[in-house]
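Residue-level listing of the chains:
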Amino acid sequence: MTEFVFRDDSYVRSLPTLVTAITPEGGIVLDRTIFYATSGGQPGDTGRLERADGSFITIAGTIHPDGDKTAILQQPAEGSPQLQVGEEVIAHLDWERRHKLMRMHTALHLVTVVLPYPITGAAVGEDKGRVDFNLPDVPDAAEIERKLNDLVSADHPVTSEWITDTELEANPGLIKSMNVKPPMGQGRVRLVRIGDVDLQPCGGTHVKSTGEIGPLKLGKIEKKGAINRRVTVLFG
């Protein structure tokens, strides 16, 4: 199994690692990785793999193969030379892009604090993100934006912890999403805690404190159904 280094430290930008498999489609499996795979509304990471001769393989995307959350495939750019199983490489993360995603993902957690309603969807972007809520009425945009920036300014610490599948089943109130349940079946589930204001299951990458997010600006609040509203957030 691949060691997901980003789960314990999402700030690691470069990492020596070993190629353990190459799929028939050319996907690269590493013994440990800093590349987050597309899931939970957050895009997969991009970056490069540095070979011993100093050349680079561009990583254009990162996925979980066939939905297997215990494995990650690094997808090389089209036309890249093929690595060999057993080859030692250094993984380099596209840090500027990742840090934006970390900031935005954490910001969307704050949106769910300000709007404590059932979540029907979410998407994390580099410059903007959105959360869909089961929410019949359109909330006051200015008030949401003010509360969001108050949470950012409070500089709440962002940490992670683990609970067992059984503990999560005994505390269903931790799950905010109506449609997507956290991955279970591996014995434990990762929780992300923001100070004393939020605690929810999440496997994504986040900043160390809300102050690192920076100012936020509320975008559109769109009606997506009789009782569904899409709330968009941008960096201020």
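The notes below deal with the structure included here. (Residues numbered from 1 in each chain as written. Predicted model: local features only at pLDDT ≥ 70, side-chain atom pairs only at ≥ 80, totals over all residues. Heavy atoms only, no water.)

All right, on to the overall build of the protein chain then. Within the protein chain one finds four helices and 15 strands. Its C-alpha radius of gyration of 19 Å places the protein chain within 12% of the 18 Å reference for a compact globule of 236 residues. If one aligns the C-alpha atoms of the protein chain with their principal axes, the spans along those axes are about 55 × 40 × 35 Å. Contacts in the protein chain between residues at least 24 apart in sequence constitute 64% of all its contacts with a sequence separation of at least 6. Approximately 11500 Å² of the protein chain is accessible, and the part contributed by carbon and sulfur atoms is 50%. (Helix = DSSP H or I, 4+ residues; strand = E, 2+ residues; numbered from the N terminus. Rg over C-alpha atoms; globule rule 2.2 N^0.38 Å. Contact = heavy atoms within 4.5 Å. Areas by Shrake-Rupley, 256 points an atom, 1.4 Å probe, with all protein chains shown as cover.)

The next thing to look at is the sheet that holds strand β11 (residues 158-164). Strand order in the open sheet formed by three strands is β11-β12-β13, with antiparallel pairing between adjacent strands. Only two strands of the sheet have a single neighbouring strand rather than two, namely β11 and β13 (198-201). Taking the axes of each pair of neighbouring strands and ignoring which way they run, one obtains an average angle of 25 degrees across the sheet. As paired strands, strand β12 (residues 188-194) and β13 are joined by four bridges and run antiparallel to one another. Within β13, the position partnered with I194 by the bridge is D198. Lying on the sheet, helix α2 (residues 95-114) is in contact with β11, β12 and β13; it crosses β13 at an angle near 115 degrees. (Pairing = 2+ DSSP bridges. Axes fitted to C-alpha atoms, helices over the stretch in contact; angles between N-to-C directions.)

This part is about the nonpolar core. I34, L49, V111, F133, L148, I213 and L216 are the most contacted members of the largest nonpolar core, which has 45 residues in total. The dominant element in this core, judged by the number of residues it contributes, is α2, at nine residues. Once residues lying within four places of it in the same chain are set aside, the contact partners of L148 are A107, L110, V111, V114, L216, L218 and V233. (Core = buried A, V, L, I, M, F, W, Y, C linked by side-chain atoms within 4.5 Å. Buried < 20%, exposed > 50% of the residue type's maximum accessible area, 1.4 Å probe, protein only.)

So, about the environment of D31. Along the chain, D31 turns up in the loop between β3 (28-30) and β4 (32-33). Put simply, D31 and P16 are 15 residues apart on the chain and 9.8 Å apart in space, counted from C-alpha to C-alpha. Among residues more than four places away in sequence, those in contact with D31 are M1, T2, E3, T17, L18 and T20.

On to unusual backbone geometry. A positive phi is found at D155, a non-glycine position, where the angle reads about 55 degrees. Structurally, D155 is set in the loop between α3 (141-153) and β11. By relative accessible area, D155 is classed as partly exposed at 41%.

Moving on, we get to the packing of α2 against α3. Where α2 contacts α3, the two axes come as close as 10 Å, and the packing angle between them is 125 degrees. When the axes of α2 and α3 are compared, the pair comes out oblique. The way α2 lies across α3 gives a crossing that is right-handed. Touching A107, L110, V111, V113 and V114 of α2 are I144, K147, L148, L151 and V152, all from α3. When its residues are assigned to classes, the contact of α2 with α3 shows nine nonpolar, no polar and one charged. (Parallel < 35°, antiparallel > 145°, perpendicular 65-115°, else oblique. Left-handed = near helix turned anticlockwise from the far one by under 90°. Nonpolar A, V, L, I, M, F, W, Y, C, P; charged D, E, K, R; others polar.)

Together, E3, D8, D9 and D31 line one region of the surface with negative charge. Residue D31 is classed as partly exposed on the basis of its relative accessible area of 31%. (Patch = residues over 30% accessible without salt bridge, like charges linked within 9 Å, V, L, I, M, F, W, Y side chains within 5 Å. Salt bridge = Lys/Arg side-chain N within 4 Å of Asp/Glu carboxyl O. Lys, Arg positive; Asp, Glu negative; His and termini not counted. Charge placed at Lys NZ, Arg CZ, Asp CG, Glu CD.)

Glancing now at the sheet that holds strand β9 (residues 119-124). Pairing is antiparallel in the open sheet, where four strands are placed in the order β9-β10-β15-β14. Looking at which strands have only one partner, the edges of the open sheet turn out to be β9 and β14 (216-225). Put simply, the sheet's adjacent strands are angled 15 degrees from each other on average, direction ignored. As judged from the five bridges shared by β9 and strand β10 (residues 128-134), these two strands associate in the antiparallel manner. Bridge pairing in β10 places I119 opposite F133. Across the sheet, α3 touches β14 and β15 (228-235), and the angle it forms with β14 is around 130 degrees.

Turning to the environment of V138, a few remarks are in order. Within the fold, V138 resides in the loop between β10 and α3. Residues V138 and N228, 90 residues apart in the sequence, show an inter-C-alpha distance of 9.5 Å. Leave out the neighbours within four places in its chain, and V138 touches I221 and R229.

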